[in-house]
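Inside the fold
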Amino acid sequence: MDTFLAQVLLVFAALLVVGALQVISIRRRRKLRTSYKLLLVAADQALKLEKKDPAGAQRLMDQAAAAAAAAEDRERTELRQKAPFDTKAAAELRKRLVEDLRAHAAARRELQRDSPTDPSVALALRSIDDAEKATRQHLVEVETHLQRLG
């Protein structure tokens, strides 16, 4: 399997995992996050383009990933600003932070399983630990907002 197709399949797999975590909320809101929409549209376009222009398809996926990350950052910034006085924003932010904790745990398991003796894994695990610590601190802040608002 070529590298590009493997990357597209990996993006789809990641979206399926995240999507599975959000099935209930998506059904309630009937709305996907902007970042997910960007990735889904780009993956569809990249699959169509891949045979004619593999490099263009890869650029499209790279651009979509960057745009999705930027959209997610903007949404989270807005949620963080609203969370101290908006219960819905605080609840949505809490949900995303819990998803982040699950992603940290999955990344840690995968690294430990696939490359336990690789020296760079220790560095990656420290990065995951740092990210998890920051996420937990944000989660405590959000929980405080929810208790105060509730």
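In the block above lies the structure referred to throughout.
Conventions we followed
Residues numbered from 1 in each chain as written. Predicted model: local features only at pLDDT ≥ 70, side-chain atom pairs only at ≥ 80, totals over all residues. Heavy atoms only, no water. Helix = DSSP H or I, 4+ residues; strand = E, 2+ residues; numbered from the N terminus. Contact = heavy atoms within 4.5 Å. Areas by Shrake-Rupley, 256 points an atom, 1.4 Å probe, with all protein chains shown as cover. Core = buried A, V, L, I, M, F, W, Y, C linked by side-chain atoms within 4.5 Å. Buried < 20%, exposed > 50% of the residue type's maximum accessible area, 1.4 Å probe, protein only. Expected span 1.5 Å × (residues − 1). Salt bridge = Lys/Arg side-chain N within 4 Å of Asp/Glu carboxyl O. Axes fitted to C-alpha atoms, helices over the stretch in contact; angles between N-to-C directions. Parallel < 35°, antiparallel > 145°, perpendicular 65-115°, else oblique. Left-handed = near helix turned anticlockwise from the far one by under 90°. Nonpolar A, V, L, I, M, F, W, Y, C, P; charged D, E, K, R; others polar.

Thoughts on the overall build of the protein
The helix and strand tally for the protein stands at 5 helices and 0 strands. Helices and strands appear in the protein in the N-to-C order α-α-α-α-α. Considering only residue pairs separated by 6 or more positions, the protein has 66% of its internal contacts joining residues 24 or more positions apart. Accessible surface, the protein as shown: approximately 9900 Å² in total, 59% of it carbon and sulfur.

Some thoughts on the nonpolar core
Within soluble globular proteins, side chains that are nonpolar generally end up buried alongside one another. Core analysis: the biggest nonpolar cluster contains 10 residues, these being Leu79, Ala83, Ala89, Ala90, Leu93, Leu97, Leu101, Leu139, Val142 and Leu146. Of all the elements in the fold, those that place two or more residues in this core are helix 4 (87-114) and helix 5 (119-149). In terms of residue count, the dominant contributor to this core is helix 4 (5 residues). Among all residues touching Ala89, those that are not within four sequence positions of it are Leu79, Lys82 and Ala83. With 8 residues, the next largest nonpolar core counts Leu39, Ala42, Ala43 and Ala68 among its residues.

Digging into helix 3 (residues 54-82)
Here helix 3 spans 42 Å end to end across 29 residues, near enough to the 42 Å set by a 1.5 Å rise per residue. Regarding helix 3, the residues found buried are Gly56, Ala57, Met61, Ala64, Ala68, Ala71, Glu72, Glu75, Arg76 and Leu79.

What about the pattern of salt bridges?
For the structure shown, the criterion picks out 12 salt bridges. Between Glu92 and Lys95 there is a salt bridge, with the nearest N and O atoms lying 3.3 Å from each other. Here Glu92 pairs with Lys95, and both are found in helix 4, just 3 residues apart, close to one helical turn. Look at Glu92 and you get buried, because its relative accessible area is 13%.

Here's the deal with the packing of helix 4 against helix 5
Two elements in contact, helix 4 and helix 5, have axes whose closest approach is 9 Å; the angle formed by their N-to-C orientations is 160°. Viewed along their axes, helix 4 and helix 5 adopt a mutual orientation that is roughly antiparallel. Pair helix 4 / helix 5 crosses with left-handed handedness. For the contact of helix 4 with helix 5, the class distribution of residues is 17 nonpolar, 5 polar and 7 charged.

Some details on the packing of helix 3 against helix 4
With their axes 8 Å apart at the nearest point, helix 3 and helix 4 run at an angle of 130° to one another. Here helix 3 is positioned oblique relative to helix 4, judged by the angle of their axes. In this structure, helix 3 crosses over helix 4, and the sense of that crossing is left-handed. The segment helix 3 lies against helix 4, with Glu72, Glu75, Arg76, Leu79, Arg80 and Lys82 engaging Ala89, Glu92, Leu93, Arg96, Leu97 and Asp100. Across the contact of helix 3 with helix 4, the residue classes tally to 4 nonpolar, no polar and 8 charged.

With respect to helix 5
Structurally, the α-helix is built with 3.6 residues per turn, so residues lying three or four positions apart point the same way. Between the first and last C-alpha of helix 5 there are 46 Å, a value that for 31 residues agrees with the 45 Å anticipated at 1.5 Å per step. Those residues of helix 5 that sit buried are Val121, Leu125, Ile128, Glu132, Thr135, Leu139, Val142, His145 and Leu146. Of the surrounding secondary structure, the elements contacted by the buried residues of helix 5 are helix 4.

Looking at the environment of Met61
With respect to the helices and strands, the residue Met61 is situated in helix 3. Of the residues examined, Met61 reaches a relative accessible area of 8% and is grouped as buried.

Keep in mind these numbers describe shape, not what the thing actually does.
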